[in-house]
Amino acid sequence: MLILLPPSEGKTPATGGDAADWNTLSFSVLNGARAKVLDALGTVSAHEDALSLLGVGASLSADVERNTRLHAEPAAPAHQVYSGVLYDALGYDSLTPAQRKKADASVLVISALWGAIRFADRVPAYRLSMGTSLPDVGRLASFWKPQLGDALAAATAGELLVDCRSSTYAAAWTPPPEQTVAVNVFTENAGVRKVVSHFAKHTRGELARHLLTRRGNAPRTPAQLQKAAAEKWVAELVEGTARKPHTLNIILPG
């Protein structure tokens, strides 16, 4: 089983230490593409219209300025850099050592800057969304799609993929539908279901934590995933097709 996560938009900078060593990052075949994105990001971030070009507000000017020196910025494990609702709900710091080891092996973060990394990979904090278009790179989801298809094929072969990504990050890589389960979250009140956003992030983080901490073997099929999710929530499985992944719907009280 592998759990696919989006990065958090906000990130916690490392307070000290060495810069990232790209030779130690997972999926080193992506380093050429990473360098191209990093160079384009640094150029855009130094532009006088950087905030507008990156689609962020003035409150994030320090984050954008940091983008101009990411080669030298202190790095920390991805599970420390990524923060926010989903990652708070996953709660890496409160996992046991064995559970952390499982998380390091089982979680893949699909990133606008790095393509794909694992929790133990050391990276600096940065500001970049997968929906951004960069000069000489183009829209990042389109740029990464062929790169990730090749790089992740071996690592994901035969694995059940629990896809907790948002649609923006899901656009960057389409894994084989027969082994993928996309996770949706709804509230239901008087038989009426509504899609939620904040609670979806939180619940996907809780699902990731549940899968990492529950006893027994990890799910290997969509049906086993539904059974595991039903240990905590009302959960239903919608079977996929030859072109569409399976879907796990988690239903919260409205």
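Quick summary incoming for the structure in this document. Everything numeric here is computed off the predicted structure, so don't read it as measured data. (Residues numbered from 1 in each chain as written. Predicted model: local features only at pLDDT ≥ 70, side-chain atom pairs only at ≥ 80, totals over all residues. Heavy atoms only, no water.)

Next up on the list: the overall build of the protein chain. Across its full length, the protein chain carries 11 helices and 12 strands. At 18 Å, the protein chain has a C-alpha radius of gyration in line with the 18 Å of a compact globule built from 254 residues. Along the first, second and third principal axes, the C-alpha set of the protein chain runs to 50 × 40 × 35 Å. Evaluated residue by residue, the protein chain yields a buried proportion of 50% over its 254 residues. Partitioning the intrachain contacts of the protein chain with sequence separation of at least 6 by distance along the chain shows that 68% fall at a separation of at least 24. Per element, the accessible surface of the protein chain, about 11800 Å² overall, is 51% carbon and sulfur. Each charge class in the protein chain can be summarised by its mean position, and for the 26 positive and 23 negative side chains these summaries are 7 Å apart. (Helix = DSSP H or I, 4+ residues; strand = E, 2+ residues; numbered from the N terminus. Rg over C-alpha atoms; globule rule 2.2 N^0.38 Å. Buried < 20%, exposed > 50% of the residue type's maximum accessible area, 1.4 Å probe, protein only. Contact = heavy atoms within 4.5 Å. Areas by Shrake-Rupley, 256 points an atom, 1.4 Å probe, with all protein chains shown as cover. Lys, Arg positive; Asp, Glu negative; His and termini not counted. Charge placed at Lys NZ, Arg CZ, Asp CG, Glu CD.)

Within helix α6 (residues 97-106), burial applies to Gln99, Ala103 and Ser106. For α6, the arc enclosing every buried residue in end-on projection is 80 degrees, short of the 170-degree limit, so these residues lie on one face. Along α6, the residues that are exposed and aim more than 90 degrees away from the buried face are Pro97, Ala98 and Lys101. Residues of α6 that are buried in the fold lie against β1 (2-5), β3 (107-111) and α10 (198-213). (Arc of directions from axis to C-beta.)

If you add up the space inside the largest pocket, you get close to 410 Å³. Lining the largest pocket we find 23 residues, and of these Pro6, Pro7, Ser166, Lys201 and Arg204 sit closest to its centre. Elements that contribute at least two residues to the lining of the largest pocket include exactly α5 (85-90), α9 (167-170), β9 (180-189) and α10. The space that makes up the second largest pocket amounts to roughly 320 Å³. For the second largest pocket, the lining is made up of 18 residues, of which Asp163, Arg165, Ala170, Ala182 and Pro245 are closest to its centre. At the level of secondary structure, the elements contributing two or more residues to the lining of the second largest pocket comprise α9 and β9. Broken down by element, the residue count for the lining of the second largest pocket peaks at four residues, all from β9. (1 Å grid on protein atoms, 1.4 Å probe; cavity = no way out; pocket = protein on both sides within 12 Å on 5 of 7 lines; lining within 4 Å. Points joined across faces, edges and corners; volume = space filled by probe spheres on them.)

All told, the structure shown has seven aromatic pairs when counted by the stated rule. Through pairs of rings, three or more aromatic residues link up here, namely Trp22, Tyr82, Tyr87, Tyr92, Trp114, Phe119 and Tyr126. Lys11 extends its terminal NZ or CZ atom over the ring of Tyr126, reaching a point 4.4 Å from the ring centre. (Phe/Tyr/Trp six-rings, centres within 6.5 Å; stacked < 30°, edge-to-face > 60°. Lys NZ or Arg CZ within 6 Å of the ring centre and 35° of its normal.)

What follows deals with the side chain of Thr247. Looking at the element boundaries, Thr247 is found in strand β12 (residues 246-253). If we ignore the near neighbours within four places in the chain, the residues touching Thr247 are Val181, Ala182, Asn184, Glu236, Leu237 and Val238.

Most of β9 sits out of view: seven of its 10 residues are buried. Sheet analysis places β9 next to β12, joined by eight bridges and oriented parallel. The partner of Thr187 across the bridge, within β12, is Leu252. Inspection of the sheet shows β9 paired to strand β10 (residues 192-195) by four bridges, in the antiparallel sense. (Pairing = 2+ DSSP bridges.)

This brings us to the packing of helix α1 (residues 31-45) against helix α7 (residues 140-151). For the pair α1 and α7, the least separation of the axes is 11 Å and the interaxial angle reads 170 degrees. In this view, α1 runs roughly antiparallel relative to α7, as classed from their interaxial angle. As α1 packs across α7, the resulting crossing turns out to be right-handed. Two secondary-structure elements touch here, α1 through Ala33, Arg34, Lys36 and Val37 and α7 through Leu140, Phe143, Trp144 and Gln147. By residue class, the composition of the contact of α1 with α7 is five nonpolar, one polar and two charged. (Axes fitted to C-alpha atoms, helices over the stretch in contact; angles between N-to-C directions. Parallel < 35°, antiparallel > 145°, perpendicular 65-115°, else oblique. Left-handed = near helix turned anticlockwise from the far one by under 90°. Nonpolar A, V, L, I, M, F, W, Y, C, P; charged D, E, K, R; others polar.)

It is worth stressing that arrangement in space is one thing and function is another; only the former is reported here.
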